Amino acid sequence: MALAASARLDYRMTGSANGLTYHAQGELLWENAGGSYNARMTVKALFIGARTLSSTGQVSIQGLAPTRFSDKARTEVAAHFEPDKGQISFSANTPTVPWVQGAQDRVSVFLQLGGMLAGNPSGFPPGSTISTLTVGPRAADNWTFLVEGPELLNLPFGETATVKLSRQPRREYDQKVEIWFAPGLDYLPVRNRITQANGDFVDQQLSDLTRP
């Protein structure tokens, strides 16, 4: 495990919803304090407003151990990681799920995967898979990522060498999740694309990266 140092990543986003194309700005603020972390993804789009996904927790030798995940648009819903009780609970009053070692949320999973790749680059050859319990604001599901291999991207940030991982849908309404990590940038996520079952998608590409 080799988690990236603190950074702010700015993204240009293109999406499609109900047959309409839109553009947005995204920001991932990653704060690695050594023993603890804070990660916040904010998306802002004209006429749509802002949405913020936040993850806070501890850092251990296994990587990130979230304690709280929240999803805020007009209102906020949150998931609480309670390893002492062996559960993950939700403010939306949906049923609790069992807590397991290594569980992540929909923000921390991006940084955890990058830390795993950075810590052992040769340990995840193309064709290998990584599975993790991934927690959303109302439920949790096992996400399995396939390591597809190296890919050279032409991003707004510039030409960037990456390693691509993808999560394939397992059920009828599952999302397809594709993530590209840049070895030259501490394996931070420089592009991600989420595609819904109906074809709607969001494609987020790095435009700028700054260090505090």
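It should be noted that the structure appears before, not after, this text.
The rules we used
- Residues numbered from 1 in each chain as written.
- Predicted model: local features only at pLDDT ≥ 70, side-chain atom pairs only at ≥ 80, totals over all residues.
- Heavy atoms only, no water.
- Salt bridge = Lys/Arg side-chain N within 4 Å of Asp/Glu carboxyl O.
- Buried < 20%, exposed > 50% of the residue type's maximum accessible area, 1.4 Å probe, protein only.
- Phe/Tyr/Trp six-rings, centres within 6.5 Å; stacked < 30°, edge-to-face > 60°.
- Lys NZ or Arg CZ within 6 Å of the ring centre and 35° of its normal.
- Helix = DSSP H or I, 4+ residues; strand = E, 2+ residues; numbered from the N terminus.
- Pairing = 2+ DSSP bridges.
- Core = buried A, V, L, I, M, F, W, Y, C linked by side-chain atoms within 4.5 Å.
- Contact = heavy atoms within 4.5 Å.
- Polar contact = N/O pair within 3.5 Å; in protein donor to acceptor, adjacent residues only side chain to side chain.

A. Broad picture of the pattern of salt bridges. All chains considered together, the criterion is met by 11 salt bridges. Arginine 68 serves as the salt-bridge partner of glutamate 76, at 3.1 Å between the closest nitrogen and oxygen. On the basis of relative accessibility, which here comes to 42%, the residue glutamate 76 falls in the partly exposed class. One network of salt bridges, with partners in common, ties together Arg8, Asp10 and Glu27.

B. Structural view of the packing of aromatic side chains. What the rule picks out here adds up to two aromatic pairs. Where tryptophan 30 meets tyrosine 37, the ring centres are 5.9 Å apart and the plane angle is 40 degrees; that geometry is what we call tilted. Neither tryptophan 30 nor tyrosine 37 differs from the other in exposure class; each is buried. Of note, arginine 193 hangs over the ring of phenylalanine 201, and the distance from its end group to the ring centre comes to 4.1 Å.

C. How the structure looks around unusual backbone geometry. Of note, the phi angle at aspartate 186 is positive, near 60 degrees, even though the residue is not glycine. Secondary-structure assignment places aspartate 186 in the loop between strand 13 (176-182) and strand 14 (188-195). Relative accessible area serves as the criterion here: at 34%, aspartate 186 is assigned to the partly exposed category. With a phi close to 60 degrees, tyrosine 187 is a non-glycine residue in the positive phi region. Here tyrosine 187 falls in the buried class, since its relative accessible area comes to 14%.

D. Main features of the pairing of strand 3 (residues 36-45). In the sheet, strand 2 (residues 20-32) pairs with strand 3 via eight bridges, with the strands oriented antiparallel. The partner of glutamate 31 across the bridge, within strand 3, is asparagine 38. Counting the residues that bridge the hairpin from strand 2 to strand 3 gives three residues, and of these glycine 34 lies at a positive phi of roughly 95 degrees.

E. Geometry of the nonpolar core. Residues Leu9, Tyr11, Trp30, Ile88, Leu188, Val190 and Leu206 are the most contacted members of the largest nonpolar core, which totals 35 residues. Those residues in contact with leucine 188 that lie beyond four places of it in its chain are Ala4, Ala7, Leu9, Trp30, Leu111, Trp180, Phe181, Ala182, Leu209 and Arg211. Counting residues in each nonpolar core, the second largest holds 15 residues, with Val109, Phe124, Val147 and Phe181 among its members.

F. Focus on the side chain of aspartate 10. As for its position among the elements, aspartate 10 is in strand 1 (residues 7-17). Since its relative accessible area comes to 15%, aspartate 10 is described here as buried. Looking at aspartate 10, its side chain comes within polar contact range of the side chain of arginine 8, at 3.3 Å. Every residue in contact with aspartate 10, bar those within four places of it in the chain, is listed here: Gly26, Glu27, Gln205, Leu206, Ser207 and Asp208.

G. How the structure looks around the pairing of strand 4 (residues 49-60). Where strand 3 meets strand 4, 10 bridges bridge the pair, whose relative direction is antiparallel. Its bridge partner lying in strand 4, valine 43 is registered against arginine 51. Judged from the nine bridges that link them, strand 4 and strand 5 (residues 63-72) form a sheet pairing that is antiparallel. Looking at strand 5, one finds that threonine 52 is bridged to lysine 72. Counting the residues in the hairpin turn of strand 4 and strand 5 gives two residues.

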